[in-house]
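# Fold and geometry: a report
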Amino acid sequence: MAGILAVATALPVSLGIIAVAAPAIGLFPALGFVSPSLEPAAIFLSTPGLGPAILTSLATGFGATLLALLFSFALVITFESARDTRWLRRLAGPLIAVPHSAVAIGVLFLLAPSGWLMRLVSPGLTGFERPPLWALVPDGSGAVLCLGLLVKEVPFLVLVSLAALATLPVRRLLATGMSLGYERSASWIYLVLPLVYRRIRLPVFAVLVFSLSVVDMPRLLGPMLPPPLAVLIVQGFENDELVARLPASFGALVQIAVTAVSLLIWCAGESLCRLAMAGMRRRGYRLAGLQGWVRACAAMATVPVAIGGAGLIAAALWSVAGPWFFPAALPDMLTFRFWMRIDSLAPALTASLVIAAAASCFAVALALLAIEFARVRGRIGIWQIWILAPILLPQAGFVPGLQTVLTMAWLEGTWLAMIWMHTLFILPYAWLILAPAADTLDRRHDHVAASLGAGAWRRYRRVTLPMLTPAIITTLFVGICVSVALYLPSLFAGAGRITTMTLEAVALASGGSRAMAGVATMLQLLIPILGFAMLQTLHRTTYGRFAGLRAGGLH
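The text that follows walks through the structure, step by step, so that each part is easy to find.

### A few points about a nonpolar patch on the surface
Among the surface-exposed residues, Leu11, Leu15 and Ile18 lie close enough to one another that they form a single nonpolar patch of about 250 Å² accessible area. Checked against the element boundaries, Leu15 lands in helix 1 (residues 2–24). On the basis of relative accessibility, which here comes to 33%, the residue Leu15 falls in the partly exposed class.

Here's what the structure looks like:
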């Protein structure tokens, strides 16, 4: 069992980091570099615009994470009733299934100089008869990139916060706070949210790491000269000159260091907030008038989500738009002629479906094995860190190294490499969903089956697995969504020989082909929808007769 976990998690992550670290210090025997050297470091550190690139990454990473946390808490406080919470969960759930690149393409189509938003307000409000010369995207400040990240991260943190709230005696805590004379919002701040944050620290760290190292969204929405650090590094790995991989590898180590320092800064900020909260409690600050600020933040939280939704509508419009001249708000006519060229995207669509299905199944199987391993041993120890490592490390820091490993193993550009790479990134989410579900299982059912003479495998197959089925189905759906959204792992593992819908959509949007990019974006959305429908049908036909069996399911 330990060997399976090692091959699945620890070994690839370790090899990926080693394969990046060796060229970073000048060791690349295949190119004739056999002696350690500081030249790669010197070349990378002399890259023009390196400082602004790092600052842009830090600004967008911290900005998106802080605002996503603030907005998600404001939404949770504002919509605290059971009915509102149910609606919040229903609205946030589909949004996290939308790939990041699809959101970026939608925002691009909405905010571009000739985008849908400018067309809606022109010429009535702006007077523009032609697209303006200035552009909101890509912007040099990273503000639009931060906005695009918020479209995805706010629903994600809302969902994990609601899951954490379900484990807390919220009503009793609020009643205690209000009995001491605090307003309801102040009771949330002092008594409930600290407990919620303690339970969602890991997802918040994952959001911070992702925001610092995301590549596909900055390529469409972020600054170009210089780009964020992760994009700068990937450009080095994509250089036709293989020698450029050496300084790019040093850049990958810089990305890891920037991420580690950022996590330390975040932890220091947590300590400061904790001290400040303790001081405010001791001094008895009532936080009067806080409710208005909370509602204002909740209202602001809807802005990025509304922009994201409008962007997807814009992408859908462009996929069926005929002649559409500026400043017309809508196309002159609708046509499906671009959808008739869907055969050019069929290989990418097929690959995405196959890889998502296979990788999700493998990840669920590995997670179940790891859970049983932990149950038998009583603990899983350091293996949990390795399982979660792919989402706690910047992708640009070790994925290029994994490509080197795949090349050495003659696996680069193969289906096995793509499925394995996607499994590596789905496994952490499978673990985070299945492990808590397995912990809450009533083991007395297993004991009863054992007393009736059932063996270990039969008890697991007939008792444990059926009880875990709702969580397994949820994991499969999340796995499909994660797989469809993966950009950098698909780019390096596919090596141009296997492409996915995300790669095609980003390439089409970067090339300015709005109609085909709109079609590709819609196909990106189609995969999670198909997965949801199939899994929902499976769940209902298999377990629909069990009234109340909804915990951990897709409902």
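The rest of the description comes next.
### Remarks on the pattern of salt bridges
Using the criterion set out here, one finds five salt bridges in the structure. Residue Arg184 pairs with Glu80 through a salt bridge whose shortest N-O separation is 2.8 Å. One end of the pair, Arg184, is in helix 9 (residues 184–199); the other, Glu80, is in the loop between helix 3 (50–78) and helix 4 (82–96), with 104 residues separating them in the sequence. Judged by relative accessible area, which is 28%, Glu80 ranks as partly exposed.

### What about unusual backbone geometry?
With an omega of -5 degrees, the peptide bond between Ser122 and Pro123 qualifies as cis. Among the secondary structure elements, Pro123 is positioned in the loop between helix 6 (116–121) and helix 7 (143–165). Residue Pro327 is reached from Phe326 by a cis peptide bond, and omega for that bond is 10 degrees. Structurally, the position occupied by Pro327 is in the loop between helix 14 (290–319) and helix 15 (346–377). Located in the positive-phi region is Trp410, a residue other than glycine, with phi close to 60 degrees. Within the secondary structure, Trp410 sits in the loop between helix 17 (395–408) and helix 18 (415–439). Exposure remark for Trp410: the relative accessible area of 78% places this residue in the exposed category.

### Re the environment of Leu486
As for its position among the elements, Leu486 is in the loop between helix 20 (456–485) and helix 21 (488–494). Judged by relative accessible area, Leu486 falls into the buried class, the value being 6%. When the C-alpha atoms of Leu486 and His100 are compared, they prove to be 8.7 Å apart, with 386 residues separating the residues in sequence. When neighbours within four sequence positions are excluded, Leu486 is seen to be in contact with Gln395, His422, Phe425 and Thr502.

### Things to note about the packing of aromatic side chains
Throughout the structure, instances matching the rule amount to nine aromatic pairs. Summarising the aromatic geometry, the rings of Phe62 and Trp266 are spaced 6.3 Å apart at their centres and angled 25 degrees between planes, so their arrangement reads as stacked. Taken together, the residues Phe62 in helix 3 and Trp266 in helix 13 (residues 245–283) connect sequence positions 204 residues apart. Accessibility classification places Phe62 together with Trp266 in one group, the buried group. With a centroid separation of 6.1 Å and 85 degrees between ring planes, the pair formed by Phe237 and Phe492 is classed as edge-to-face. One end of the pair, Phe237, is in helix 12 (residues 229–237); the other, Phe492, is in helix 21, with 255 residues separating them in the sequence.

### As for the layout of surface pockets
Looking at the second largest pocket, its volume works out to about 990 Å³. The wall of the second largest pocket is formed by 28 residues, among which Leu69, Phe73, Tyr197, Cys273 and Met277 lie closest to the centre. Of all the secondary-structure elements, those providing two or more residues to the lining of the second largest pocket are helix 3, helix 9, helix 13 and helix 14. Per-element accounting of the lining of the second largest pocket gives the leading share, 10 residues, to helix 13. Here the lining of the second largest pocket is built from residues that sort into 22 nonpolar, one polar and five charged.

### Notes on the packing of helix 8 (residues 170–179) against helix 9
Where helix 8 meets helix 9, the axes come as close as 8 Å, and the angle between the chain directions of the two elements is 135 degrees. With respect to helix 9, the axis of helix 8 lies oblique. Remark: the crossing between helix 8 and helix 9 carries right-handed chirality. Contacts between helix 8 and helix 9 involve Val170, Leu173, Leu174, Thr176, Gly177 and Met178 on the former and, on the latter, Arg184, Ser187, Trp188, Leu191, Val192 and Leu195.

### Details of the packing of helix 13 against helix 17
The interhelical angle for the contact between helix 13 and helix 17, taken along N-to-C directions, is 140 degrees, at an axis separation of 7 Å. Taken together, helix 13 and helix 17 sit at an angle that is classed as oblique. Along the contact surface, helix 13 presents Arg245, Ala252, Gln255 and Ile256, while helix 17 presents Ala396, Gly397, Pro400, Gln403 and Thr404. When the residues that make up the contact of helix 13 with helix 17 are grouped by side-chain class, the tally is four nonpolar, four polar and one charged.

### Re the nonpolar core
Membership of the largest hydrophobic core comes to 125 residues, with the highest contact counts inside it found for Met217, Leu221, Leu345, Leu434 and Met501. The greatest single-element share of this core, amounting to 14 residues, is contributed by helix 18. With 43 residues, the next largest nonpolar core counts Leu75, Ala92, Val160 and Leu174 among its residues.

### So, the state of the cysteines
Evaluation of the coordinates by the stated rule reveals zero disulfides. Of all cysteine sulfurs in the structure, the one in Cys273 sits closest to Cys267, which takes part in no disulfide; the separation is 12 Å. A relative accessible area of 26% means that Cys267 is categorised as partly exposed. Cys297 takes part in no disulfide bond, and the closest cysteine sulfur to it belongs to Cys146, at a distance of 14 Å. Given the relative accessible area of 16%, Cys297 is considered buried.

Rules used throughout
- Every chain's residues receive numbers from 1 upward, in the order its sequence appears when written.
- Selection of residues for local features in this predicted model requires a pLDDT of at least 70, selection of side-chain atom pairs for listing and counting requires 80 or more, and totals for whole chains, interfaces and linings are taken over all residues.
- As a rule here, side-chain values come from all non-hydrogen atoms in the structure, and water together with hydrogens is ignored.
- Each patch is assembled from residues with relative accessible area greater than 30% and no salt bridge, linking like charges that lie within 9 Å and nonpolar side chains (Val, Leu, Ile, Met, Phe, Trp, Tyr) that lie within 5 Å.
- Every accessible area reported is derived by Shrake-Rupley at a probe size of 1.4 Å, with residue values counting cover from the shown protein chains alone.
- We count a salt bridge whenever a side-chain nitrogen from Lys or Arg sits within 4 Å of a carboxyl oxygen from Asp or Glu.
- Each helix corresponds to a stretch of at least 4 residues labelled H or I by DSSP, and each strand to a stretch of at least 2 residues labelled E; elements are numbered beginning at the N terminus.
- Burial status follows relative accessibility: with a 1.4 Å probe on protein chains alone, a residue under 20% of its type maximum counts as buried, one over 50% as exposed, and anything between as partly exposed.
- The contact criterion used throughout is that any non-hydrogen atoms of two residues lie within 4.5 Å.
- Pairing of aromatic rings covers Phe, Tyr and Trp, the last through its six-membered ring, and needs centres within 6.5 Å; plane angles under 30 degrees mean stacked, over 60 mean edge-to-face, and all others mean tilted.
- Cavity means a closed set of points on a 1 Å grid over the protein atoms alone, one where a 1.4 Å probe fits but cannot get out, pocket means an open set with protein on both sides within 12 Å along at least 5 of 7 lines, and lining means a residue has an atom within 4 Å of a point.
- Grid points are joined across faces, edges and corners, and a volume is the space filled by probe spheres set on the points.
- In this classification, the charged set is Asp, Glu, Lys and Arg, the nonpolar set is Ala, Val, Leu, Ile, Met, Phe, Trp, Tyr, Cys and Pro, and all remaining amino acids, among them Gly, are polar.
- Interaxial angle, 0 to 180 degrees, is taken between N-to-C directions of lines fitted to C-alpha atoms, where a helix line uses only the stretch in contact.
- Throughout this description, any angle smaller than 35 degrees is read as roughly parallel, any larger than 145 degrees as roughly antiparallel, any in the 65 to 115 degree range as roughly perpendicular, and the remainder as oblique.
- Put simply, a crossing is left-handed when the front helix is turned counterclockwise from the back one by less than a right angle, and right-handed when it is turned clockwise.
- Working definition of a nonpolar core: buried Ala, Val, Leu, Ile, Met, Phe, Trp, Tyr and Cys residues. They are joined through side-chain atoms within 4.5 Å.
- In what follows, a disulfide is any cysteine sulfur pair within 2.5 Å.

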